[in-house]
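# Topology and contacts: notes
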Amino acid sequence: MKTVQLPGGEKVPALGIGTWMMGERPAARKDETESVRLGVELGMKLVDTAEMYGEGACESFLGEALAGLRDQVFLVSKVYPHNASRAGVVAACERSLKRLKTDQLDLYLLHWRGGVPLAETIIGFEHLKSQGKIRHWGVSNFDTDDMNELYETPGGEGCSTNQVLYNLTRRGPEWDLLPWLQQHEMPLMAYSPIEQGRIKTAGALAAIAAKHGAKPFQVALAWALRDPGNIVIPKASRPEHMRENAAARDIKLDADDLAALDAAFPPPSRRRSLEML
C-alpha cells in the first residue's frame, strides 16, 4: 500500500475507508461488516468515522466490525463543532472511544468550523494527546483562510491533516488550499472521492477505464490518489465494491489520461469557496 507522511513523520495508508451512513441499517450490517474487515485485510487500514455519523451509530458499528483488528487500523474520528470547547472535546472523545471500544484514537478531527474559538479546541486536543487518548489531531472542511487562522493560533501548527470534499467534480481546493497544504507538508484527506457515486462515468472516464481494464469509479479514485500528498477515503458497503476500491491503487494514469480528465473535468480557473457535503 502506498503511504502518505503526516507532519510528525508517521506514515499512513494513502487509500483508506470512509464510513458515512454505515451502521444505520440493520439489513446492511452483515455486508458492511464484511466490507470493512475485507478493506483492512487488503491494506486499506485507515478507517474514518465521526460522532455525527448516525449520531454515534457508525462508531458503535465500527466498534463491533473492527473486533480483533484494532491494532492493525489507523482509526480516525471527528468531533462536532458544538462539542469542541476545551472541556467539550474531551467529553466527546470519551464518548467516541466508548462506542468504538478502544482506548485511543489515532487521529481526531474538528469536523467543521463552529462558534468555539480555535484556541479552545486546540487546548482540548493537546490535553487529549497528553492523556494518551489521541495520537494526532487535525481539522476537516477548513478553507485556506481557516488554515491561516489555525496557524496563527497558538498550537495550531500541531495540525496533522485537513479532510475536505475533493474529487473530479469538486476541484476547487486545487486553486489555493491544496498548494497551502503542500507548502506546509500537510496531507489533504479527500472524502467522497467519487461524489457518492454521482460522477459522470460516460465519456473520458469510461474510455480511460477501458484502456486500463478497469471501471470508471476506479479511475476516479486513481486520479484522486495521483498526488503523493493525498489520502483518499472512499466508502464501500459491499465486499465486491471494497475489492474494486482497493484495486484502484494499482492503476497508473499517464499524461494522456490526466489531460483527458482535465478536459472532461476542468481544474478551477478562479478561487472557489470550499464545498461541503
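Here, the structure is the one placed above.
Residues numbered from 1 in each chain as written. Predicted model: local features only at pLDDT ≥ 70, side-chain atom pairs only at ≥ 80, totals over all residues. Heavy atoms only, no water.

## Topic: the pairing of strand β4 (residues 74–79)
Just so we agree on the cut-off: The rule is simple: take the accessible area with a 1.4 Å probe, protein chains only, and divide by the maximum for that residue type; under 20% is buried, over 50% is exposed, in between is partly exposed. Here a strand is any run of E in DSSP of at least two residues, a helix any run of H or I of at least four, and the numbering for each starts at the N terminus. Two strands qualify as a pair provided that DSSP identifies no fewer than 2 bridges between them. Whether a crossover is right-handed depends on one test, that the path from the first strand over the helix to the second runs clockwise when the strands point away from the viewer.
The element β4 is largely enclosed, with a buried count of six among its six residues. The pairing of strand β3 (residues 46–48) with β4 spans three bridges and is classified as parallel. In the strand pairing of β4, L46 is matched with F74. Each parallel crossover has a hand, and for β3 linked through helix α2 (residues 57–65) to β4 it is right-handed.

## Side note on the nonpolar core
We count it as follows: Residues belong to a common nonpolar core when they are buried Ala, Val, Leu, Ile, Met, Phe, Trp, Tyr or Cys residues joined through side-chain atoms within 4.5 Å. Here a residue-residue contact requires only that any non-hydrogen atoms of the pair lie within 4.5 Å.
Counting 87 residues, the largest nonpolar core has Y108, M147 and L261 as its most contacted members. The residues contacting L261, other than those within four sequence positions of it, are L168, R171, A204, L205, I208, V219, W223 and L253.

## Side note on the pairing of strand β7 (residues 159–165)
With respect to burial, β7 is a largely interior element, seven of its seven residues being buried. Bridge count for strand β6 (residues 134–140) against β7 is three bridges, and the pairing is parallel. Bridging from a neighbouring strand, S140 pairs with Q163 of β7. Crossover connection from β6 via helix α5 (residues 144–152) to parallel β7: handedness right-handed. Bridge analysis of β7 against strand β8 (residues 188–191) gives four bridges, and the strand direction is parallel. Bridged to V164 within β8 is A190.

## Focus: the sheet that holds β7
Note the threshold: Each axis is a line fitted through C-alpha atoms, taken for helices only over the stretch in contact, and angles between the N-to-C directions span 0 to 180 degrees.
Overall, parallel pairing links the seven strands, which are arranged β3-β4-β5-β6-β7-β8-β9 in an open sheet. Each having just a single partner strand, β3 and β9 (230–233) make up the two edges of the open sheet. Between one strand and the next, the sheet's axes are offset by a mean angle of 30°, whatever the strand orientation.

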